[in-house]
Amino acid sequence: MARNILWLGAHKTGTTFLQKSLDLSGGALKAGQVHYVALDRFRQDYTRPLLNGRTDMELGQSVYRQDWEGTNLVFDENVPALVQHVCQPEGLYTTAPERSRKLADHLGLEHPTIVFGIRPFAGYLPSLYCETLKSTPFKMFRKFLRTPLDRLAWYPVLKGLQEAFGGAEVLVYQYEGLKGNERALLSRVTGLAPDSFTLLEKTERPGFSHRTIRELRELSQKRKVLHKDVRAAVKAYPRGPGYPGYWPWKPEEKPVLADVYAADVARIKADDSLTFLDFDTL
């Protein structure tokens, strides 16, 4: 039987860098019997038509075999939810179990291992918000953040995915420890040697600065903000030495967010049914 891996997110935890590195490592993956479909093709054939209701796109037949001794690797952070749907009043990624199960059933992926990255909420939520502005109508951060601070938690997301797949193995990594450990993580997930992987030469995309959001907010008070306005504002005021990154939190919220995340990580580590990947020992 094949080994099946569902790498499901979260958004903004190094997924794009890791996916592009997998694209660059196609020869090593094939030699190591790891079947991986590049992200753009995967979304076109499966994620968009199956989960996002894109009736203009044809749903592809599964290309993942179960009758071999290799590994099927699926990697798309949009499977659990699109960026604009992550934050719900009930919590984060509330649609993850249903959407992930629907995809796995269509692809015929039996007994998959789940891979999921987590990240401190203080940096994660502004980054996720800025990502939504690239493709959805402009709204202020507080309207985007529908999840109360005391309901922010990764643990229920992980347990929901685990239960959806009958107690599946769940591998959890922390984004804040990823830099410099990308090959170690890819090796742990796939079983291939760390030096098998060709990493993307990092090309930093212009980030959203606080000034960028301020300009868009002021524009929104005059007229509808278009996607070209967002691109122009990012280009005019890119995050960097002259323009600090977007930071929406009040001073009293920062320690609350830190405490919530610390308690969440402690809960994850204490659950023996979850596999917490410590980069110091990976």
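Scroll up for the structure.
What comes next is a walk through the structure.

Definitions and cut-offs
Residues numbered from 1 in each chain as written. Predicted model: local features only at pLDDT ≥ 70, side-chain atom pairs only at ≥ 80, totals over all residues. Heavy atoms only, no water. Helix = DSSP H or I, 4+ residues; strand = E, 2+ residues; numbered from the N terminus. Contact = heavy atoms within 4.5 Å. Polar contact = N/O pair within 3.5 Å; in protein donor to acceptor, adjacent residues only side chain to side chain. Buried < 20%, exposed > 50% of the residue type's maximum accessible area, 1.4 Å probe, protein only. Axes fitted to C-alpha atoms, helices over the stretch in contact; angles between N-to-C directions. Parallel < 35°, antiparallel > 145°, perpendicular 65-115°, else oblique. Left-handed = near helix turned anticlockwise from the far one by under 90°. Pairing = 2+ DSSP bridges. 1 Å grid on protein atoms, 1.4 Å probe; cavity = no way out; pocket = protein on both sides within 12 Å on 5 of 7 lines; lining within 4 Å. Points joined across faces, edges and corners; volume = space filled by probe spheres on them. Nonpolar A, V, L, I, M, F, W, Y, C, P; charged D, E, K, R; others polar.

Comments concerning the environment of His 35
Topologically, His 35 is positioned in strand β2 (residues 34-36). Separated by 63 residues in the primary sequence, His 35 and Glu 98 place their C-alpha atoms 24 Å from one another. Residue contacts for His 35: discarding those within four places in its chain leaves Val 63, Tyr 64, Trp 68, Thr 71, Asn 72 and Leu 73. Among the polar contacts made by the side chain of His 35, one reaches the main-chain carbonyl oxygen of Val 63 at a distance of 3.2 Å.

Observations regarding unusual backbone geometry
Residue Gly 9 is joined to Ala 10 through a cis peptide bond whose omega torsion reads 0 degrees. Positionally, Ala 10 belongs in the loop between β1 (3-7) and α1 (15-24). You will see that Lys 12, though not glycine, has its phi angle at about 60 degrees, which is positive. Of note, His 111 is a non-glycine position whose phi angle comes to about 50 degrees, a positive value. Tracing the chain through its elements places His 111 in the loop between α4 (96-107) and β6 (113-118). Classification of His 111 by relative accessible area gives exposed; the value is 72%.

A closer look at the packing of helix α3 (residues 39-51) against α4
Running from N to C, α3 and α4 cross one another at 125 degrees; their axes reach a closest spacing of 10 Å. Between α3 and α4, the interaxial angle falls into the category oblique. Where α3 crosses over α4, the two elements pack in a sense that is right-handed. Of the residues in α4, those touching α3 at Phe 42, Tyr 46, Leu 50 and Leu 51 are Arg 99, Lys 102, Leu 103, His 106 and Leu 107.

Points about the sheet that holds strand β3 (residues 71-75)
In space, the six strands of this open sheet follow the order β2-β3-β1-β6-β7-β8, with parallel pairing throughout. Looking along the sheet, the strands with just one partner apiece sit at the ends: β2 and β8 (274-276). Taken pair by pair, the neighbouring strands of this sheet meet at an average axis angle of 25 degrees, ignoring direction. Across five bridges, the pairing between β6 and strand β7 (residues 170-174) is parallel.

Points about the layout of surface pockets
To find the voids left in a structure, one rolls a probe of water-molecule size over its atoms. For the largest pocket, the calculated volume is near 1600 Å³. Sorting the residues of the lining of the largest pocket by element identifies α1, α3 and α5 (121-132) as the ones contributing at least two each. For the lining of the largest pocket, the class distribution of residues is 16 nonpolar, 16 polar and 17 charged.

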